[in-house]
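Fold and contact review
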Amino acid sequence: MPRLSTILLVVLTFLSVVSLYSFHLLGSGYARALDRHNSLLWLCRAPTLKRRGLSLSMSTSTGSGSTSSSISNSGNSDKETGSRTMDPELRYFLTVKTHTNISQIAEEEWNSMLRFEDSPFLHHQWLNCMETSGCAIPATGWNPCHLTIRMVKGKDGEVTDPNDPGDLVAAAPVYIKTHSMGEFIFDNEWANAAYRSGIDYYPKVLCAVPFTPASGARLLLKQGLSQPMQQEIRRMVGVFLQELAKNNEFSSVHVNFCQEEEVAPLSATSPPYLHRTSMQFHWRNENKDKEGAPYDSFDEYLAAFRSKRRIKIKKERRTVYEAGLTLDVYRGKEIPDSFFDDDTIFKLYVSTIDKLFYGRQYLNEEFFRMLKEKFRDPLCLVVAKDAKGEIVAGTFNVIGNDKRFYGRYWGCVLPEEIKNLHFETCYYKSIEYCIEKGLAAMEPGAGNSDFKFMRGFEPAQVHSMHHIVHPGLRQAVDDFLKYERREVAGTVDYLSGKSAVRARGGKGAEEGEEEGNGKMEL
């Protein structure tokens, strides 16, 4: 009889051709998982366990809506890795506390974990808008379980001062999920394979930002920690999430769109997290003819394309303005209040969803209204107006401190879209703005790879880490990811050599893209 892992791998391979947008409720298995989840944060039945010099225990708290755990380090050498986890002269406890709402964590404390260059989507304000507006809450399948990790001194296996709140050294955005929607690292095939094998896939643990396919730190750390300390805390938090899943009968842990520096410590757990790579397309403000220096103008950027492609881009841009439209860019405080108060942004966002059969509305009016007061400065809107000055289309974007332009949502309220308006609003005008303002890069999100590639966006690998509790399913997923990583790496290498943007004398992408209007997540 074939092994379960072999059967699951066959199922996974077959299901990989299924549309990424398909999602199937798991019938009675889904209902059982949901019922079990209803009491998870109040019935955290995690026994004390010991692993590699690490003791972890979990106890419930009453009335606070959160649970607390402690991780103590013995100061002994890690025999498996050959490295010391902490200073052997001291004893530390890492107290891990879970929070059922980001508002239970002080904004100043959470944001103190962020480096200047960290993703803007990790800011407390963004997450708070997601949850307070009702977008990422239990009713929508997003059960907040955020972590804060504090370090306190101990002696003889006990905390020295029970009243010492400790020093906040780490935090993580975590959710208990009862579906896989809004994640953009697609594991629907894994869930279907599990279901067909009689394994409940939901609930599961997700460490990520809701509805946001943008990479960033997932295990936030206090500034100034040594590199070995950072890696060890990341590993310990990874172990905690594994035990959270195991002891609450969750199927898995998923750390999506993490940074490359988080891969190694999560691979050092036992068992190691499984590494998954995916491909996106990013634009970089790097002129290959000037040794990577920023472009001086959009015309200079166009000069990097083949002649035929330059002519086509100019034609695409010209048709938009010949249709009587103008495009304006508003950033931060430049954005009129009416855009928030009159739901202008929301109407653009939902217009695309309503037109697409696979569209799913994750955000509501209240979310965009809340951004006016809580998250206005990083916002950037590119809007198209008709001859009367009415907004007919636009994009919702976020700019980070590291000068990265994140394209998020595109919409057009016209009954029939004007040809090439999508390309001008989402790509060309946005790139032109990035060049004018000296921004370093643009990440336009998931989807529409061919449209992006032919307009100068280049392939980039993104990372995620996964822990599967069931041994058979884990082995099948591991085998599948080994194959997928090879395919992704090969595709990135191939397309990088075929880039539409080239140094003079270099070879660019082949021509022959079909005419059309693409849709984007953005």
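Here is what the cut-offs are and how they apply
Residues numbered from 1 in each chain as written. Predicted model: local features only at pLDDT ≥ 70, side-chain atom pairs only at ≥ 80, totals over all residues. Heavy atoms only, no water. Buried < 20%, exposed > 50% of the residue type's maximum accessible area, 1.4 Å probe, protein only. Helix = DSSP H or I, 4+ residues; strand = E, 2+ residues; numbered from the N terminus. Polar contact = N/O pair within 3.5 Å; in protein donor to acceptor, adjacent residues only side chain to side chain. Pairing = 2+ DSSP bridges. Axes fitted to C-alpha atoms, helices over the stretch in contact; angles between N-to-C directions. Salt bridge = Lys/Arg side-chain N within 4 Å of Asp/Glu carboxyl O. 1 Å grid on protein atoms, 1.4 Å probe; cavity = no way out; pocket = protein on both sides within 12 Å on 5 of 7 lines; lining within 4 Å. Points joined across faces, edges and corners; volume = space filled by probe spheres on them. Nonpolar A, V, L, I, M, F, W, Y, C, P; charged D, E, K, R; others polar.

1. As for helix α12 (residues 365-374)
Listing the buried residues of α12 in full gives F367, F368, M370, L371 and K372. You can read the cap of α12 off the contacts: a side-chain oxygen lies 3.3 Å from the backbone nitrogen of E366, and it is on N364.

2. What about the sheet that holds strand β21 (residues 458-468)?
Spatially, β7-β11-β12-β14-β21-β15-β20-β19-β18-β17-β16 is the arrangement adopted by the eleven strands of the open sheet, whose pairing is mixed. Looking at the sheet topology across the chains shown, the edges are occupied by β7 (142-144) and β16 (326-331). Across the sheet, the mean angle separating the axes of adjacent strands is 30° when strand polarity is ignored.

3. So, the pairing of strand β17 (residues 379-385)
Most of β17 sits out of view: seven of its seven residues are buried. Every second residue of β17 is oriented toward a common face, with L379, L381, V383 and K385 on one face and C380, V382 and A384 on the other, all of them buried. The sheet contact formed by β16 and β17 spans six bridges and is antiparallel. Each bridged residue has a counterpart across the sheet, and for T326 the counterpart in β17 is K385. For β17 and strand β18 (residues 391-399), the ladder comprises seven bridges, and the chain directions are antiparallel. Residue pairing for β18: K385 is matched across the bridge by I391.

4. What to know about the pattern of salt bridges
A full pass over the atoms with the stated rule returns 28 salt bridges. Here R376 makes a salt bridge to D337, at a shortest N to O gap of 2.8 Å. Linking R376 in the loop between α12 and β17 with D337 in helix α10 (residues 337-341), this pair joins segments that are 39 residues apart in sequence.

5. Digging into the pairing of strand β8 (residues 146-155)
Burial analysis of β8 places seven of its ten residues in the buried class, the great majority of the element. The sheet contact formed by β8 and strand β10 (residues 167-172) spans five bridges and is antiparallel. In the strand pairing of β10, T148 is matched with A171. Bridge analysis of β8 against strand β9 (residues 158-159) gives two bridges, and the strand direction is antiparallel. Bridge assignment links G154 to a residue of β9, and that residue is V159.

6. Quick look at empty space enclosed by the protein
Applying the stated criterion across every chain, the model contains six cavities of 30 Å³ or more. In this structure, the largest cavity encloses a volume near 80 Å³. Around the largest cavity, the lining residues are F339, I345, L348, Y349, L381, V383, G394, T395, F396, Y409, W410 and G411. Across the lining of the largest cavity, the residue classes tally to nine nonpolar, three polar and no charged. For the lining of the second largest cavity, the leading source of residues is strand β19 (residues 404-412), giving three residues. For the lining of the second largest cavity, the per-class residue count stands at four nonpolar, three polar and two charged.

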